[in-house]
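Notes for the structure review
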Amino acid sequence: MNIPETKHPRIVVIGGGFAGIALLKQLKKVPAQIVLFDRHNYHTFQPLLYQVSTAGLEPDSIAYPLRKIFRNLEDFHFRLAEVVQIHPQQKEVETSIGSLAYDYLVIATGTRTNFFGNKNIETHSMPMKTVPQALNIRSLMLQNIEAADITDDPEARKRYLNFVIAGAGPTGVELAGALAEFRKGILENDYPELAEEDMGVHLLEGFDRVLPPMSEKSSKKAQRFLEKLGVEVHLNTMVEDFDGTTVTTKDGKTFKTATFIWAAGVTGAPIAGIDGEALIQKTNRYKVDRFNRVAGFEGIYALGDVALMETEDFPKGHPQVAQPAIQQGKHLGKNLKRMFEQKELKPFSYYDKGTMATIGRNKAVVDLKKWHFAGAFAWFLWMFVHLWFLAGFRNRVVTFFNWTYNYINYDRAARLIIRPFKKSL
Ligand SMILES: Cc1cc2nc3c(=O)[nH]c(=O)nc-3n(C[C@H](O)[C@H](O)[C@H](O)COP(=O)(O)OP(=O)(O)OC[C@H]3O[C@@H](n4cnc5c(N)ncnc54)[C@H](O)[C@@H]3O)c2cc1C
């Protein structure tokens, strides 16, 4: 794979997500060769994937080239490759482009969609974890609206225009809100033959409230915002199956739909080769200590969503959101530096900065430690925080411009079917 030999130790990092990037940014002037593997040549800002799915933003606003982020890092080598196996005995990783030896290995592979073993749902539903998947949803949504526009069959029209989302976590809530706004702003202007009330947006949630990880106050407020936008929220509703045309739930409800979006869960994305007590089967996360060292494996660390660090405050591990990943990455970077300087390592502790979710224009909810608020101020704060954390100045400017334009014009400029989506069954 054309990585030069080195007299320095080699740090191999798998995954250029939030955790991997935060780690690498700390490794300037470290006497080591650094190799980053990722199956994409860009970093994905996952919190805004739903805006790509619903035609609010172009994909290049939320993706950023990994090579560009680290162009000033010395002895740094990025390779576009999938890591398929770790051989801890040989201290080697096996990838889609060959094998490479490491001295220190950092696994920051995040999560993958969890279909809970339901093959039908896996085959027929639309997951949203990556930019290509978000683009698939965008194409399918627009294709289905086009199909509704040309059919004479009212049943078929209803099915094409019925959008069903499983999971009312932040992703499901944000998607549902954006789809409802699409119906309000775009459908009636672009498709004069279609009536606004023909389009349905259903949000199905197994718990008794939306946004289960947030405060009850924020859950209630978010539900009210959703209902105001015309989203039909179905609580205590567990999805049982989807055969490609009908979603069935455990309590016997059915929803006919041509677009079923699966936002109901993720599971860790570990790599073959490290298992035993180091891998917690239930969540597919690596058990790590307060220094992010994988239990029982010397020189191997795990970070972010794929790592499970039990602490007093978080006995089941940190929430699988961006902040723990960023903070762990930064912390391990500093610890690796300390290690090279032969200084004492410091244990990690998480600082919870709060949680937020947006439902639509002027509608967001924010939970800080002791303070919960909602509405227009929360929405501006949500926008500010997301712009701040987006990688790259260009991305921030383009996103800010798009959001301002969309806000003024009630528009979603990216409603383009570039590559028609066809489910490969
Ligand atoms: C739709 C969606 C919305 C979200 N919204 C929010 C939000 O609003 N707020 C929030 O805080 N969090 C949100 N999250 C969660 C947040 O994105 C994650 O917690 C965060 O990305 C975790 O960072 P990470 O570095 O651990 O993993 P990731 O950011 O997922 O990065 C993992 C990287 O590893 C690469 N990779 C994985 N396996 C391999 C392999 N075998 N070989 C090579 N490369 C590999 C992937 O390509 C990826 O680049 C959202 C997640 C999703 C999916």
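Rules used throughout
- Residues numbered from 1 in each chain as written.
- Predicted model: local features only at pLDDT ≥ 70, side-chain atom pairs only at ≥ 80, totals over all residues.
- Heavy atoms only, no water.
- Pairing = 2+ DSSP bridges.
- Helix = DSSP H or I, 4+ residues; strand = E, 2+ residues; numbered from the N terminus.
- Axes fitted to C-alpha atoms, helices over the stretch in contact; angles between N-to-C directions.
- Contact = heavy atoms within 4.5 Å.
- Parallel < 35°, antiparallel > 145°, perpendicular 65-115°, else oblique.
- Left-handed = near helix turned anticlockwise from the far one by under 90°.
- Nonpolar A, V, L, I, M, F, W, Y, C, P; charged D, E, K, R; others polar.
- Phe/Tyr/Trp six-rings, centres within 6.5 Å; stacked < 30°, edge-to-face > 60°.
- Buried < 20%, exposed > 50% of the residue type's maximum accessible area, 1.4 Å probe, protein only.
- Lys NZ or Arg CZ within 6 Å of the ring centre and 35° of its normal.

1. Quick notes on the sheet that holds strand β26 (residues 372–374)
Spatially, the three strands line up as an open sheet ordered β24-β25-β26, and their pairing is antiparallel. With partners counted over all chains shown, the strands left at the sheet margins are β24 (355–360) and β26, one partner each. Direction aside, neighbouring strands of the sheet carry axes that sit 10 degrees apart on average. Here five bridges tie β24 to strand β25 (residues 363–367), and the two strands are oriented antiparallel to one another. Looking across to β25, one finds that T358 is bridged to A364. Together, β24, β25 and β26 form the strand contacts of helix α10 (residues 376–389), whose direction differs from that of β24 by roughly 110 degrees.

2. Focus on the packing of helix α5 (residues 131–150) against helix α7 (residues 170–190)
Contact pair α5 / α7: the axes reach a minimum separation of 14 Å and the direction vectors enclose 45 degrees. For the element pair α5 / α7, the angle class is oblique. Pair α5 / α7 crosses with right-handed handedness. In contact with M141, L142 and I145 of α5, α7 contributes L179, F182 and L187. Its residues assigned to classes, the contact of α5 with α7 comprises six nonpolar, no polar and no charged.

3. Description of the sheet that holds strand β11 (residues 126–127)
Read from one edge to the other, the open sheet built from five strands follows the order β11-β18-β12-β13-β14, with strand pairing classed as parallel. Edge positions in the sheet fall to β11 and β14 (232–234), since each has one partner strand and no second. Two strands pair when backbone bridges link them, and strand β13 (residues 200–204) and β14 are joined in this way by three bridges, in the parallel orientation. Within β14, the position partnered with H202 by the bridge is E232.

4. Describing the packing of aromatic side chains
In this structure the tally under the stated criterion is 14 aromatic pairs. Centroid distance F18 to F45: 5.6 Å. Interplanar angle 70 degrees. Geometry classified as edge-to-face. You can see F18 sitting in helix α1 (residues 18–25) and its partner F45 sitting in the loop between β3 (42–44) and α2 (49–53), a full 27 residues away along the chain. You'll find F18 and F45 in the same group, each marked buried. Plain terms: the ring middles of Y104 and F340 are 6.1 Å apart, the flat faces sit at 80 degrees to each other, and that makes the pair edge-to-face. Here F340 lies in helix α9 (residues 322–340) and Y104 lies in strand β9 (residues 104–107), a separation of 236 residues in the sequence. Judged by its relative accessible area of 21%, Y104 is partly exposed. Three or more aromatic residues joined by ring pairs make a cluster, and in this case those are F115, F242, F260 and W262. Across from the ring centre of Y160, 5.5 Å away, lies the NZ or CZ of R159, which sits over that ring.

Nothing here speaks to function; it is all geometry.
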